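# Structure assessment
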Amino acid sequence: QVQLVESGGGLVQAGGSLRLSCAASGGTFSSYGMGWFRQAPGQEREFVGGITSSSGTSYANSVEGRFTISRDNAKNTVYLQMNSLKPEDTDVYYCAARRAGGVGSSQRLYDYWGQGTQVIVSS
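First, a word on scope: everything that follows refers to the structure included in this document. This structure is a prediction, so every number in the text was calculated from the model and none was measured. (Residues numbered from 1 in each chain as written. Predicted model: local features only at pLDDT ≥ 70, side-chain atom pairs only at ≥ 80, totals over all residues. Heavy atoms only, no water.)

A word on the packing of aromatic side chains. Inspection of every chain in the model, using the stated rule, returns five aromatic pairs. Seen in terms of ring centroids, Phe37 and Phe47 are 5.5 Å apart; in terms of plane orientation they differ by 70°. Their pairing is edge-to-face. Here Phe37 is found in strand 4 (residues 33-39), whereas its partner Phe47 is found in strand 5 (residues 46-51), with ten residues between them in sequence. Take Phe37: its relative accessible area is 0%, and that puts it in the buried class. Taken together, a centroid distance of 5.3 Å and an interplanar angle of 80° make the contact between Phe37 and Tyr110 edge-to-face. With Phe37 in strand 4 and Tyr110 in the loop between strand 9 (91-98) and strand 10 (112-113), this pair connects stretches of sequence that are 73 residues apart. (Phe/Tyr/Trp six-rings, centres within 6.5 Å; stacked < 30°, edge-to-face > 60°. Helix = DSSP H or I, 4+ residues; strand = E, 2+ residues; numbered from the N terminus. Buried < 20%, exposed > 50% of the residue type's maximum accessible area, 1.4 Å probe, protein only.)

What follows is the structure in structure tokens.
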């Protein structure tokens, strides 16, 4: 059974940085596409960005140029580096894995999900 565990969330001031990690176990990590999503209470889960099994990346317009996704297959871990954080980035951030290896903005593409980690950006 594939398990994903996010870490690295917390409280940060606007303009600051955080790096989130997502550690995978129980599957073949190197073959998965990995996505990051975020969600506020009462709202739809929003695609943040993703990295394919061949390390191609894509990002939502709202985070382009500020966030960077990378992966370390030797550690079965994907990262979300968040810089120049804004209060509107405050959300629970989720990691997701897709067996097919690609990424996309739809939640329905992904097979496995982590429990999420809270990010709060104060003004």
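After that view, the rundown keeps rolling.
Here strand 4 lies mainly inside the structure; six of its seven residues are buried. Sheet topology places strand 4 next to strand 9; seven bridges connect them, and they run antiparallel. In the strand pairing of strand 9, Gln39 is matched with Val92. Judged from the five bridges that link them, strand 4 and strand 5 form a sheet pairing that is antiparallel. Looking at strand 5, one finds that Gly35 is bridged to Gly50. Between strand 4 and strand 5, which pair antiparallel one after the other, the connecting turn spans six residues, and Gly42 there sits at a positive phi close to 80°. (Pairing = 2+ DSSP bridges.)

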